[in-house]
Amino acid sequence: MLAELEDKRGKLRQESLAFKDRRSQLNAEASKWAAKRNELNHATKELIDKAQELKKLRDENNKNVAESKRLRDEFNEKTNQLYARIDDIRKKYNLTGDRSIRDLRREIDHLEFRQQTEVLSPDKEKQLVDKIASLHAEFKGRKEQLEKNEELRKLLDEAQALRDEASKHHDEVTRYAELAQEYHDQMITTFKEADQTRAEADAAHKEFVKAQEAADEQHKEFIRTQREVRDFEKVIMGLKKKNKDIKEDRAKEVAKREAEEILTHFRQGEKLNTADLLRLQRAGLV
């Protein structure tokens, strides 16, 4: 029975060491996933911060677009008011034809906007360019006629200066709008990158939890087998002590019988030697 118990204890020790090794492996794996998760979370935060900064730049440029539009429209309105006064004076003095210089300016602006924003075939592009050139020539001729009148010349110069200001602000609208769109596109791309990185961090966290839970299970098994090993050791030690006590009792019994035989022989007149005396002493009879 003792041999069987010792064999079982040995197997439990091996199982316990296996659980301990597996626990260490799983804890190392959990640490690896935790480090990866933390790295990805840090990268996610950096991407979100970058996206927020891009959003701020986009919003600032959108504000600039709105302000430049306001100034452009304001100068365009002042220009139109001046052209209206010019047309009134032109009609008053019956200068040039029926078509107003303001209408010419509006048509030129409209066609130039089409040229900048629409995709046209080569033939239509050429037709549009020719039309704009023709209107510019007509506008220039009308302007030169009107500038012969001193009052109209001053108003035309003032209108051109206002139109130049409006054009400058229109260019700013375009520039700020392009910047705002560029920052917006970068922001969207960066937010998508942050979402992807966050998803990878979440996946790494799930792997960390899985490895940690598995390590905890191995730890529980390690503790269980260690407890069972200690229980077996207690039983084995108890059996060994019991066997030892039995052997000692048997030895005492044998020594007692031998001593009684020696005493019996002594009483019958036989002499005792040194060995006999030692046996009597061990048996507690002398």
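What comes next concerns the included structure. (Residues numbered from 1 in each chain as written. Predicted model: local features only at pLDDT ≥ 70, side-chain atom pairs only at ≥ 80, totals over all residues. Heavy atoms only, no water.)

1. Some points on the overall build of the chain
Here's step 1: Scanning the chain from terminus to terminus reveals five helices and zero strands.
Here's step 2: Here the C-alpha radius of gyration of the chain, 54 Å, is well above what a compact globule of 286 residues would show, namely 19 Å.
Here's step 3: Dimensions of the chain along its principal axes, counting C-alpha atoms only, are 180 × 35 × 20 Å.
Here's step 4: Among the 286 residues that make up the chain, the fraction classed as buried is 26%.
Here's step 5: A sequence separation of at least 24 residues applies to 78% of the contacts in the chain between residues at least 6 apart.
Here's step 6: Approximately 19500 Å² of the chain is accessible, and the part contributed by carbon and sulfur atoms is 50%.
Here's step 7: Each charge class in the chain can be summarised by its mean position, and for the 63 positive and 62 negative side chains these summaries are 6 Å apart. (Helix = DSSP H or I, 4+ residues; strand = E, 2+ residues; numbered from the N terminus. Rg over C-alpha atoms; globule rule 2.2 N^0.38 Å. Buried < 20%, exposed > 50% of the residue type's maximum accessible area, 1.4 Å probe, protein only. Contact = heavy atoms within 4.5 Å. Areas by Shrake-Rupley, 256 points an atom, 1.4 Å probe, with all protein chains shown as cover. Lys, Arg positive; Asp, Glu negative; His and termini not counted. Charge placed at Lys NZ, Arg CZ, Asp CG, Glu CD.)

2. Remarks on helix α3 (residues 122-146)
For an α-helix, the turn length of 3.6 residues means that residues three or four places apart are oriented alike.
Here's step 1: Between its first and last C-alpha, α3 extends 36 Å over 25 residues, near the 36 Å set by a 1.5 Å rise per residue.
Here's step 2: Regarding α3, the residues found buried are Leu128, Ile132, Leu135, Phe139, Arg142, Lys143 and Leu146. (Expected span 1.5 Å × (residues − 1).)

3. Examining the nonpolar core
Here's step 1: Of all hydrophobic cores here, the largest spans 20 residues; its most connected members are Tyr83, Ile86, Ile101, Phe139, Leu146 and Leu156.
Here's step 2: Contributions of two or more residues to this core are made by α1 (2-92), α2 (101-117), α3 and α4 (150-267).
Here's step 3: If we ignore the near neighbours within four places in the chain, the residues touching Tyr83 are Ile101, Arg102, Arg105, Phe139, Leu156 and Ala159.
Here's step 4: Ranked by size, the runner-up nonpolar core spans eight residues in total, among them Ala30, Ala204, Phe208 and Ala211. (Core = buried A, V, L, I, M, F, W, Y, C linked by side-chain atoms within 4.5 Å.)

4. Side note on the packing of α2 against α3
Here's step 1: Relative to each other, α2 and α3 sit at 155 degrees, their axes nearing to 10 Å. Classified by the angle their axes make, α2 and α3 are roughly antiparallel. As α2 packs across α3, the resulting crossing turns out to be left-handed. Facing α2, whose interface residues are Ile101, Leu104, Arg105, Glu107, Ile108, Leu111, Glu112, Arg114 and Gln115, α3 presents Glu125, Leu128, Val129, Lys131, Ile132, Leu135, His136, Glu138, Phe139, Arg142, Lys143 and Leu146.
Here's step 2: Taken together, the residues that form the contact of α2 with α3 break down as ten nonpolar, two polar and nine charged. (Axes fitted to C-alpha atoms, helices over the stretch in contact; angles between N-to-C directions. Parallel < 35°, antiparallel > 145°, perpendicular 65-115°, else oblique. Left-handed = near helix turned anticlockwise from the far one by under 90°. Nonpolar A, V, L, I, M, F, W, Y, C, P; charged D, E, K, R; others polar.)

5. Some thoughts on the environment of Ser68
Here's step 1: Among the secondary structure elements, Ser68 is positioned in helix α1.
Here's step 2: The sequence separation of Ser68 and Ile48 amounts to 20 residues, and the corresponding C-alpha distance is 30 Å.
Here's step 3: Filtering out sequence-adjacent residues up to four positions away, Ser68 remains in contact with His169, Glu172, Val173 and Tyr176.

6. Describing the pattern of salt bridges
Here's step 1: The final tally for this structure, using the stated rule, is 18 salt bridges.
Here's step 2: Across the pair Asp130 and Lys126 runs a salt bridge whose closest N-O atoms are separated by 3.1 Å. Taken together, the residues Asp130 and Lys126, both in helix α3 and four residues apart, mark about one turn of the helix.
Here's step 3: Look at Asp130 and you get partly exposed, because its relative accessible area is 42%.
Here's step 4: The exposure class assigned to Lys126 is exposed, which follows from its relative accessible area of 53%.
Here's step 5: Each member of the salt-bridge network shares a partner with another, and the members are Glu67, Arg70, Glu74 and Lys78. (Salt bridge = Lys/Arg side-chain N within 4 Å of Asp/Glu carboxyl O.)

7. Focus: the side chain of Ser68
Here's step 1: A residue is classified by how much of its surface remains accessible, and Ser68, at 3% relative accessible area, is buried.
Here's step 2: Engagement of the side chain of Ser68 in a polar contact is seen with the side chain of Glu172, the distance being 3.4 Å. (Polar contact = N/O pair within 3.5 Å; in protein donor to acceptor, adjacent residues only side chain to side chain.)

8. Observations regarding the packing of aromatic side chains
Here's step 1: The tally for this structure, following the rule as stated, stands at zero aromatic pairs.
Here's step 2: Here the guanidinium or amino end of Arg37 rests over the ring plane of Phe208, the centre of that ring lying 4.9 Å away. (Phe/Tyr/Trp six-rings, centres within 6.5 Å; stacked < 30°, edge-to-face > 60°. Lys NZ or Arg CZ within 6 Å of the ring centre and 35° of its normal.)

9. A look at the packing of α1 against α2
Here's step 1: As a packed pair, α1 and α2 sit with axes 8 Å apart at the nearest point and diverge in direction by 140 degrees. Contact residues: Asn80, Tyr83, Ala84, Ile86 and Asp87 in α1; Ile101, Arg102, Arg105 and Arg106 in α2.
Here's step 2: A per-class count over the contact of α1 with α2 returns four nonpolar, one polar and four charged.

10. A look at the side chain of Arg23
Here's step 1: Tracing the chain through its elements places Arg23 in helix α1.
Here's step 2: The buried charged residue Arg23 lacks any salt bridge partner; its closest oppositely charged side chain belongs to Asp21, at an N-O distance of 7.9 Å.
Here's step 3: Excluding its chain neighbours within four sequence positions, the residues that come into contact with Arg23 are Ala215, Gln218, His219 and Phe222.

11. What about the environment of His205?
Here's step 1: Relative to the helices and strands, His205 resides in helix α4.
Here's step 2: A sequence separation of 76 residues divides His205 from Val129, and the C-alpha atoms of the two residues are 63 Å apart.
Here's step 3: Among the polar contacts made by the side chain of His205, one reaches the side chain of Arg37 at a distance of 3.0 Å.

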